[in-house]
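# Geometric and topological summary
Residues per chain, in single letters:
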Amino acid sequence: ANAKETLSRQQVQMEDLRRRLSEAELEVSQYKDLTNRYQTNRLEMKKKMKEKVELMREQEQKLSAKEREANELKRYVDELEKELSSTKQKIQGMERELNGAKQKLGEDKKKLENNQQVIAWLNRQA
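For the structure given in this document, a descriptive report is provided here. (Residues numbered from 1 in each chain as written. Predicted model: local features only at pLDDT ≥ 70, side-chain atom pairs only at ≥ 80, totals over all residues. Heavy atoms only, no water.)

### Focus: the overall build of the chain
Scanning the chain from terminus to terminus reveals one helix and zero strands. Relative to the compact-globule value of 14 Å for 126 residues, the chain shows a C-alpha radius of gyration of 53 Å, a clear excess of over 25%. A principal-axis box enclosing the C-alpha atoms of the chain has dimensions of 180 × 15 × 10 Å. If you sum the accessible surface of the chain, you get close to 12600 Å²; carbon and sulfur atoms cover 55% of it. Treating the 29 positive side-chain charges of the chain as one cloud and the 24 negative ones as another, the clouds have centres 3 Å apart. (Helix = DSSP H or I, 4+ residues; strand = E, 2+ residues; numbered from the N terminus. Rg over C-alpha atoms; globule rule 2.2 N^0.38 Å. Areas by Shrake-Rupley, 256 points an atom, 1.4 Å probe, with all protein chains shown as cover. Lys, Arg positive; Asp, Glu negative; His and termini not counted. Charge placed at Lys NZ, Arg CZ, Asp CG, Glu CD.)

Pasting the structure below:
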């Protein structure tokens, strides 16, 4: 009877160990699935991060190019403003010259009229 009891206990222990082994295998399988999902997620996140970094790099390059372009345009506008100012000054100088010439023309016209009157008077006297 003792050997039967021992055998029975060993069978119960063996069934318990088999059940534990099965549970452990299931748990290991679940951990493997979790690990695989984690690695997949990690790789996807890493890929997305690389894409975002590349996108940011491209945006920084575009921004730098736009800043250079804006600076060039500002320099061009500054040059045009200087040229405009210079041209305005030239025009003002020419207007002063023109006004002076008009004034001199008016004076010369009066002198001519006076000279013509003197000539006409002299011709009548002769």
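Now, onward.
### Topic: the pattern of salt bridges
For the coordinates displayed, the defined rule picks out seven salt bridges. Between Arg 18 and Glu 15 there is a salt bridge; the shortest N-O distance is 3.2 Å. Of the two residues, Arg 18 and Glu 15 are both situated in helix α1 (residues 2–125); the distance of three residues between them amounts to about one turn of the helix. Taking the relative accessible area as the measure of exposure, Glu 15 reaches 47% and is therefore partly exposed. The salt bridge involving Glu 54 is made with Arg 57; its shortest N-O contact spans 3.0 Å. Taken together, the positions of Glu 54 and Arg 57, both in helix α1 and three residues apart, correspond to about one turn of that helix. What makes Glu 54 partly exposed here is its relative accessible area of 35%. (Salt bridge = Lys/Arg side-chain N within 4 Å of Asp/Glu carboxyl O. Buried < 20%, exposed > 50% of the residue type's maximum accessible area, 1.4 Å probe, protein only.)

### Describing a nonpolar patch on the surface
A surface patch of nonpolar side chains, about 300 Å² in accessible area, is lined by Val 118, Trp 121 and Leu 122. One can find Trp 121 in helix α1. (Patch = residues over 30% accessible without salt bridge, like charges linked within 9 Å, V, L, I, M, F, W, Y side chains within 5 Å.)

### Thoughts on the environment of Gln 11
Position of Gln 11 among the secondary structure elements: in helix α1. Between the C-alpha atoms of Gln 11 and Gln 39, which are 28 residues apart in sequence, the distance is 41 Å.

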